[in-house]
Amino acid sequence: MSIVILTGAGISAESGLGTFRDKDGIWTKVDLRDVATPEGFARDPEYVLKFYAARREHGVKAEPNAAHFALARFEAECSDEVLLVTQNIDVLHEKAGSKNVLHMHGVTNQDLCNNCGHRQKTEKSLTVTCVCPQCQSIGTLRPDVVWFGEMPYHMGTIEQALEDCKTFVSIGTSGEVYPAAGFVANARVAGAHTIELNLEPSSGGNLFAEAHYGLATEVVPKWVEEMLA
Ligand code: NAD
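Residues numbered from 1 in each chain as written. Predicted model: local features only at pLDDT ≥ 70, side-chain atom pairs only at ≥ 80, totals over all residues. Heavy atoms only, no water.

A. Fine view of the overall build of the protein chain. Tallying secondary structure elements over the protein chain gives 8 helices and 9 strands in all. Radius of gyration (C-alpha) of the protein chain: 18 Å, near the 17 Å computed for a compact globule of 229 residues. Seen through its C-alpha atoms, the protein chain measures out along the principal axes to roughly 55 × 35 × 30 Å. A sequence separation of at least 24 residues applies to 64% of the contacts in the protein chain between residues at least 6 apart. As displayed, the protein chain has an accessible area near 11100 Å², and 52% of this comes from carbon and sulfur atoms. Mean positive and mean negative side-chain charge positions of the protein chain (19 and 30 charges, respectively) differ by 5 Å. (Helix = DSSP H or I, 4+ residues; strand = E, 2+ residues; numbered from the N terminus. Rg over C-alpha atoms; globule rule 2.2 N^0.38 Å. Contact = heavy atoms within 4.5 Å. Areas by Shrake-Rupley, 256 points an atom, 1.4 Å probe, with all protein chains shown as cover. Lys, Arg positive; Asp, Glu negative; His and termini not counted. Charge placed at Lys NZ, Arg CZ, Asp CG, Glu CD.)

B. Here's a closer look at the site of the ligand. Neighbouring residues of the ligand: 27 residues in total, closest F20, Q87, D90, T173 and S174. Between the ligand and the protein, one listed contact pairs an oxygen atom with a backbone N or O atom of Q87 at 2.4 Å. Protein chains shield 94% of the accessible area of the ligand, which is 850 Å² for the free molecule. Here the residues of the shell around the ligand sort into 9 nonpolar, 13 polar and 5 charged. (Near = heavy atom within 4 Å. Polar contact = N/O pair within 3.5 Å; in protein donor to acceptor, adjacent residues only side chain to side chain. Nonpolar A, V, L, I, M, F, W, Y, C, P; charged D, E, K, R; others polar.)

C. Highlighting helix α4 (residues 66-77). The end-to-end C-alpha distance of α4 is 16 Å, a good match for the 16 Å that 12 residues give at a rise of 1.5 Å each. Where α4 is buried, its residues touch β1 (3-7), β2 (82-86), α5 (92-96), β7 (167-171) and α8 (216-228). Put simply, N65 is the residue that caps the front of α4, since its side-chain oxygen is 2.8 Å from the backbone nitrogen of A67. (Expected span 1.5 Å × (residues − 1).)

D. Up close: α8. Between its first and last C-alpha, α8 extends 18 Å over 13 residues, near the 18 Å set by a 1.5 Å rise per residue. When we look at burial in α8, the residues that qualify are A216, V219, V220, W223 and V224. Taken end-on, α8 shows its buried residues confined to a sector of 130 degrees, consistent with a single buried face. Of the exposed residues in α8, the ones pointing more than 90 degrees away from its buried face are E218 and K222. Against β1, α4, β7, β8 (193-198) and β9 (210-213) lie the buried residues of α8. (Buried < 20%, exposed > 50% of the residue type's maximum accessible area, 1.4 Å probe, protein only. Arc of directions from axis to C-beta.)

E. Inspection of the sheet that holds β7 at higher detail. If you trace the 6 strands from one edge of the open sheet to the other, you get β3-β2-β1-β7-β8-β9, paired in parallel fashion. Of all strands in the sheet, those bounded by a partner on one side alone are β3 (101-103) and β9. For this sheet, the mean angle separating the axes of adjacent strands, direction not counted, is 15 degrees. In the packing of α4 onto the sheet, the strands contacted are β1, β2 and β7, and the crossing angle to β1 comes to about 165 degrees. (Pairing = 2+ DSSP bridges. Axes fitted to C-alpha atoms, helices over the stretch in contact; angles between N-to-C directions.)

See below:
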């Protein structure tokens, strides 16, 4: 893979989906230990399912913005191979037309059965009385998102892509959540050119060779335009 692009909540902020760690972010309103850990789900599944029902509903209604569309165009027109790795649980990259997308933290529009591992795409909200269509267990379906303490998805493929890439771009992420926050270091070790596109310098901002700061809907289309020129 020649170019690896990592995206975070900041790319979807202008589509109306809240970020997590900004001053009005989701983690200022709810405690992540209650809604984004297996222990929180075991303690109060009803509360957790309500929280993700809202995320699912917002995700269904949200539309991609100019930054998502620019990345889809980049993938379609770039002569190099492009891999999009997203921490986002929304599917706005796919809605915009991106094809080569890995959701390392899962997606809101899919259920996962904690009992048998069955997965199903859906837009319906989950409740504690839902029955798994495969194993018939009651109350074992959860959103297919990766919670704190769980292993992110596709790590083998992502690590290989970082080892092989010539360019690594990080967009709209605070650089606070590992392993994604460490990708820039992996890419540097592999000799890749590293670029940050964000509202402001992230936690690891000084690790990038190049940086452009501003709204994703402005800096991302501009960067794509320059790369394709
Ligand atoms: P974060 O909330 O920690 O950081 C968001 C970053 O985006 C910040 O650095 C902020 O400065 C920047 N930002 C905010 N508005 C922006 C804009 N308009 N243009 C450009 N940059 C902007 O989010 P993160 O780093 O992605 O944190 C990782 C976790 O957040 C992941 O687990 C991810 O699953 C989750 N998350 C996903 C969504 C979603 O799917 N839309 C929403 C919130 C959080």
